[in-house]
Amino acid sequence: MQFDDQGRVNKSKKRAVFNQPEAKNRVELFRHLPQYEHGSQLTDLESKFLELDSMHPAVYKVGVQYLAGDVTGGNARCIAMLRAFQEVINDYSTPPGKTLVRDLTAKISSYVSFLIECRPLSMSMGNAIRFQKSRIAKLPLTLSETEAKAALCNDIDRFINEKIILADKVIVRHAATKVRDGDVLLTYGSSCVVEMILLYAHELGKQFRVVVVDSRPKHEGQALLRRLLAKGLSCTYTHINAVSYIMHEVTRVFLGASSVLSNGTTYSRVGTACVAMVAHAFRVPVLICCEAYKFHERVQLDSICSNELGDSNDIARVPGRPDVNSMDNRTNEKNLQFLNLMYDATPSEYVSMIITDYGMIPPTSVPVIVREYRREYLLI
Amino acid sequence: MDFQVVVLAGGTSKKLVPLVSKEVPKALLPVANRPVLSYVLEQLELSNIKDLIVVVEGADAALCVGGWISAAYVDRLHVEVATVPEDVGTAGALRAIAHHLTAKDVLVVSGDLVSDVPPGAVTAAHRRHDAVVTAMICSVPVSGLSEAGSSGAKDKTKKPGRYNIIGMDPTKQFLLHIATGAELEKDTRIRKSILRAVGQMDIRADLMDAHMYAFNRSVLQEVLDQKDKFQSLKQDVLPYLVRSQLKSEILINGAPQGQQAKENGNDKVSYRILANASTPSFHELYALGPNGSAPVRRTHKCCVYIASNSKYCVRLNSIQAFMDINRDVIGEANHLSGYNFSAQNNIIHPSAELGSKTTVGPHCMLGEGSQMGDKCSVKRSVIGRHCRIGSNVKVVNSVVMNHVTIGDGCSIQGSVICSNAQLQERVALKDCQVGLGYVVSAGCEYKGESLARKEK
């Protein structure tokens, strides 16, 4: 939904589960994206906890975790959501006079709109929900309620195992062949697949060095750095302003993705495009590691038409440094607008190869996988 | 939402004699002409809670409370009143009703808490962190008026039992240390392991435990069963759970936490993806073995919810607190009282009669059917229903309950006069408490005394 359409925004506010005040000072170019005042959202949602009778507690917990930023990363969010849906299905009982298929689909839709209110869905989550709904719709009518519930929970388990966990294992095996002794590998932010690749290659005994590039305001690379150091890898840590400085010693770049679109564009954390561009300029191969369930048939040419806006206070303030906080508390000035983009789009020219669970493919082969293997969803 | 609410309404508390008696247990003491228990019940009703358990000590008190609740809340709430023997303490009261508790989490609220903090916020914080206990903390209320110190002399020493020492982590989400009033005279001891694990602890003495706790039910039942010497939630159970949070001896959900079997590798991988996605709290970091391997130590989390300064939150556990709450509910926190204030900022019931030249100042309340004589003056006081007040009476900063007769020329300052009491002419009371049905003879002057009828 485009958020500059006032009529539809008002309609969705009436159905909203909790009240979110919109941010006052928004950048004109991004008016079609939702942006809310982050300060009061969590307290508002928490105070409504006991009043939300229709909400399953597991879904509520996942929503609060999204809103508070306790769970980040495409795979983790997807797994958390699917596990919550498993609990919903286990606790579900068909009300009299309704069919399981229609009622459960309606319930899941309402929970999904609650999760969207907490934090907009990532494309991987959208695919997972579409899979879930198609499985519910395809339930044979002869099944009893307990059998149907067991079948659905089984499907969710299979989805998580085959599309995420097994896919990650395959990606790790493929990518480890691309790491040679003496390599200097660069990664940006914190992607769970890239972390698995680095740890696996290290276990295989390959000698390499890792450069972790990080950026404000989230500093996601620091958690990755801590875990890599705990396992004994030799790491370098730098911020994105120095990426062109360090790129001359790098031999390969491994990046994660939130999604890969049909024109080969990689949609991932803001800053990835920058790193890929610099690597391309230095003729360093860029490898994107992404599970196939995150592929999407959409085509996006820029980072503007679809994105997510974060909290503007995060960029106005530097935590722990009160001396540089001159921007703080200025979010309501008329001449000043803060823009905290969360995602960006990396064009396919900068990407050398995409490593998926279907193999190592060039970016132009993404629409082929979407076309050929998407049907497989329905045949599981 | 799988939460059960238990309201601990106490019985006849010793600290509030002579205000409480057999007919008026602590839970039914009127604050702004409404029983104090009604504030808690109304807050719970607003949060859409329909079933609750009210625990009362003593059979007589239980009858009174039960009778009032069924009259007032007959269609709105489904309340089960449980009676426990007297003097078992809050933990003992919960032990007695433990078989009634079936939900996953239990919210325990003290019946004498007057506040407008939504209980949903405490329960949400509890669920978000999967905590074992979540306590609500509020800032210490400003007590008493400076000229009318109830104990007379200015108290240089801290009032024990009112203040807490609370230690929290820098993000103000986890409770690391809690010490209640009695231990304040001695030193307070802090666990070094907790300090080392968390790195930085903020210790505050200006916060108070508001006695609204959210417990994980199985943990609460286990602690109450194992430690049968524990009498009080606030002084025994909560500090025990906070102290042992990094060396957990309790089993969560019937299985020791660190040994939850991860059957196959797939579960382990998805668990690791989820664990890596979120910043680990210091509990998880502490529980890990060397080099960040699998959890070797069992920990549990104690969370805290800090009520914001704009919310009102006070407990009625002393006579001074009773006067303060009455003053606040018709004064600053008047949104709690639920009444509409008149233009002069006071509440006068339409059927009350005022004599000529009688003034009722702002922040006052006059109940139904009360009659005041001529030339009276009422300032910052609460007067109950059906009172007969003579002429030339001055009532300042006081609470007068229902059916009281006050003769002419009386002067009442900073006092509490319970129901059915009778004050004859020219009585002067300053900082006194007059018990139920007591008759103060004419011309007496009392200062700082508590007058009560002898129990037959």
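From a predicted model like this one, the values you see are computed outputs, not experimental measurements. (Residues numbered from 1 in each chain as written. Chains lettered and ligands numbered in written order. Predicted model: local features only at pLDDT ≥ 70, side-chain atom pairs only at ≥ 80, totals over all residues. Heavy atoms only, no water.)

**Description of the overall build of chain B**
Part 1 of the argument: Each helix and strand counted, chain B has 10 helices and 32 strands in total.
Part 2 of the argument: Considering only intrachain contacts with a sequence separation of at least 6, the fraction spanning at least 24 residues in chain B is 55%.
Part 3 of the argument: Surface exposure of chain B reaches about 20,400 Å², of which carbon and sulfur atoms provide 49%. (Helix = DSSP H or I, 4+ residues; strand = E, 2+ residues; numbered from the N terminus. Contact = heavy atoms within 4.5 Å. Areas by Shrake-Rupley, 256 points an atom, 1.4 Å probe, with all protein chains shown as cover.)

**Some remarks on the sheet that holds strand β30 (residues 439–440) of chain B**
Residue and element names in this part refer to chain B.
Part 1 of the argument: Read across the open sheet, the five strands follow the order β18-β21-β24-β27-β30; overall the sheet is parallel. Two strands in the sheet have a free side with no partner beyond their single neighbour: β18 (371–372) and β30.
Part 2 of the argument: With two bridges connecting them, strand β27 (residues 422–423) and β30 associate as parallel partners. Its bridge partner being in β30, glutamine 422 is matched across the sheet by valine 439. (Pairing = 2+ DSSP bridges.)

**Remarks on the environment of Ile129(A)**
Residues and elements named next belong to chain A.
Part 1 of the argument: Here isoleucine 129 shows up in helix α6 (residues 123–137).
Part 2 of the argument: Owing to a relative accessible area of 7%, isoleucine 129 belongs among the buried residues under this scheme.
Part 3 of the argument: C-alpha of isoleucine 129 to C-alpha of lysine 163: the two residues are 34 residues apart in sequence and 13 Å apart in space.
Part 4 of the argument: In contact with isoleucine 129, other than residues within four places in its own chain, are Met81, Phe85, Val112 and Leu121. (Buried < 20%, exposed > 50% of the residue type's maximum accessible area, 1.4 Å probe, protein only.)

**What to know about the packing of helix α3 (residues 57–68) of chain A against helix α4 (residues 74–91) of chain A**
Residues and elements named next belong to chain A.
Part 1 of the argument: Two elements in contact, α3 and α4, have axes separated by 8 Å at closest approach and are oriented at 160 degrees. Judged by the inter-axis angle, α3 sits roughly antiparallel to α4. Relative to α4, α3 is oriented so that their crossing is left-handed. For the pair α3 and α4, contact is made by Ala58, Val59, Val62 and Tyr66 and by Arg77, Ala80, Met81, Ala84, Phe85, Glu87 and Val88, respectively.
Part 2 of the argument: Of the residues in the contact of α3 with α4, the class split is nine nonpolar, no polar and two charged. (Axes fitted to C-alpha atoms, helices over the stretch in contact; angles between N-to-C directions. Parallel < 35°, antiparallel > 145°, perpendicular 65-115°, else oblique. Left-handed = near helix turned anticlockwise from the far one by under 90°. Nonpolar A, V, L, I, M, F, W, Y, C, P; charged D, E, K, R; others polar.)

**Quick notes on the sheet that holds strand β8 (residues 343–346) of chain A**
Residues and elements named next belong to chain A.
Part 1 of the argument: The three strands lie next to each other as β5-β6-β8, forming an open sheet whose pairing is antiparallel. Edge positions in the sheet fall to β5 (259–260) and β8, since each has one partner strand and no second.
Part 2 of the argument: Note: strand β6 (residues 266–269) against β8, four bridges, orientation antiparallel. Across the sheet, the residue bridging to serine 268 is aspartate 344, located in β8.
Part 3 of the argument: Contacts from helix α11 (residues 272–281) reach β6 and β8, with the element oriented near 30 degrees to β8.

**A closer look at the interface of chain B and chain A**
Part 1 of the argument: Each side of the interface is counted separately: chain B has 28 residues, and chain A has 32 residues.
Part 2 of the argument: Overall, the association of chain B and chain A removes approximately 2,700 Å² of surface from exposure, summing both partners, and the carbon and sulfur fraction of that is 62%.
Part 3 of the argument: At the boundary of chain B with chain A, the tally comes to two salt bridges.
Part 4 of the argument: For the interface between chain B and chain A, the tally reads two residue pairs in polar contact (both at pLDDT 80 or more).
Part 5 of the argument: Sorting the residues of the side of chain B that touches chain A by element identifies α4 (119–128) and α8 (265–277) of chain B as the ones contributing at least two each. (Buried area = accessible area lost by both parts, 1.4 Å probe. Salt bridge = Lys/Arg side-chain N within 4 Å of Asp/Glu carboxyl O. Polar contact = N/O pair within 3.5 Å; in protein donor to acceptor, adjacent residues only side chain to side chain.)

**Notes on the pairing of strand β2 (residues 208–214) of chain A**
Residues and elements named next belong to chain A.
Part 1 of the argument: With six of its seven residues buried, β2 lies for the most part within the structure.
Part 2 of the argument: In the sheet, strand β1 (residues 183–188) pairs with β2 via six bridges, with the strands oriented parallel. The residue of β2 that forms the bridge with aspartate 183 is phenylalanine 208.
Part 3 of the argument: Crossover handedness for the path β1 to helix α8 (residues 192–203) to β2: right-handed.
Part 4 of the argument: Relative to strand β3 (residues 234–239), β2 runs parallel, the two sharing six bridges. Counted as the bridge partner of valine 213 is threonine 238 from β3.
Part 5 of the argument: Once the chain exits β2 it traverses helix α9 (residues 221–231) before rejoining the sheet at β3, and the crossover so formed is right-handed. (Right-handed = clockwise from strand over helix to strand, strands pointing away.)

**Side note on the pattern of salt bridges**
All names here are of chain A.
Part 1 of the argument: Considering all chains together, one arrives at 23 salt bridges over all chains under this definition.
Part 2 of the argument: Linking arginine 269 and glutamate 220 is a salt bridge whose minimum nitrogen-to-oxygen distance equals 3.1 Å. Of the two residues, arginine 269 is situated in strand β6 and glutamate 220 in the loop between β2 and α9; the sequence distance between them amounts to 49 residues.
Part 3 of the argument: Residue classification places glutamate 220 among the buried residues on the basis of a relative accessible area of 19%.

**Describing a positive patch on the surface**
Part 1 of the argument: Judged by side-chain charge, Arg191(B), Lys192(B), Arg196(B), Arg243(B), Lys247(B) and Arg297(B) come together as a positively charged surface patch.
Part 2 of the argument: Structurally, Lys192(B) is set in helix α5 (residues 192–198). (Patch = residues over 30% accessible without salt bridge, like charges linked within 9 Å, V, L, I, M, F, W, Y side chains within 5 Å. Lys, Arg positive; Asp, Glu negative; His and termini not counted. Charge placed at Lys NZ, Arg CZ, Asp CG, Glu CD.)

**Side note on the nonpolar core**
Part 1 of the argument: Ranked by internal contacts, the top residues of the largest apolar core, which has 112 residues, are Phe254(A) and Leu37(B).
Part 2 of the argument: Sort the elements by how many residues they give to this core and helix α7 (residues 145–176) of chain A lands first, with 11 residues.
Part 3 of the argument: Those residues in contact with Phe254(A), other than ones at most four positions away along the chain, are Ala175(A), Val179(A), Leu185(A), Leu186(A), Thr187(A), Tyr188(A), Val194(A), Ile197(A), Leu287(A), Cys289(A) and Ile355(A).
Part 4 of the argument: The next biggest cluster of nonpolar side chains, apart from the first, holds 38 residues, and it includes Ile166(B), Phe230(B), Leu238(B) and Val242(B). (Core = buried A, V, L, I, M, F, W, Y, C linked by side-chain atoms within 4.5 Å.)

**Remarks on the domain arrangement of chain B**
Residues and elements named next belong to chain B.
Part 1 of the argument: The domain architecture assigned to chain B consists of domain 1 (3–315) and domain 2 (345–451).
Part 2 of the argument: Between domain 1 and domain 2, the contact holds 12 residues from the first and 17 residues from the second.
Part 3 of the argument: Across the domain 1/domain 2 interface, buried area totals approximately 1,100 Å², and carbon plus sulfur atoms make up 65% of it.
Part 4 of the argument: For the domain 1 face of the interface with domain 2, the top three residues by lost area are Pro18, Leu19 and Asn33, together amounting to 51%.
Part 5 of the argument: At the junction of domain 1 and domain 2, the tally comes to zero salt bridges.
Part 6 of the argument: Put simply, domain 1 and domain 2 have one residue pair in polar contact (both at pLDDT 80 or more) between them. (Domains from an automatic or database assignment.)

**Considering the packing of aromatic side chains**
Residue and element names in this part refer to chain A.
Part 1 of the argument: Taken as a whole and judged by the stated rule, the model has eight aromatic pairs over all chains.
Part 2 of the argument: Considering the side-chain rings of phenylalanine 159 and tyrosine 293, the 5.8 Å spacing of their centres and the 85 degrees angle between planes classify their relative orientation as edge-to-face. Linking phenylalanine 159 in helix α7 with tyrosine 293 in the loop between β7 (286–289) and α12 (312–316), this pair joins segments that are 134 residues apart in sequence.
Part 3 of the argument: You can call tyrosine 293 buried: its relative accessible area is 1%. (Phe/Tyr/Trp six-rings, centres within 6.5 Å; stacked < 30°, edge-to-face > 60°.)

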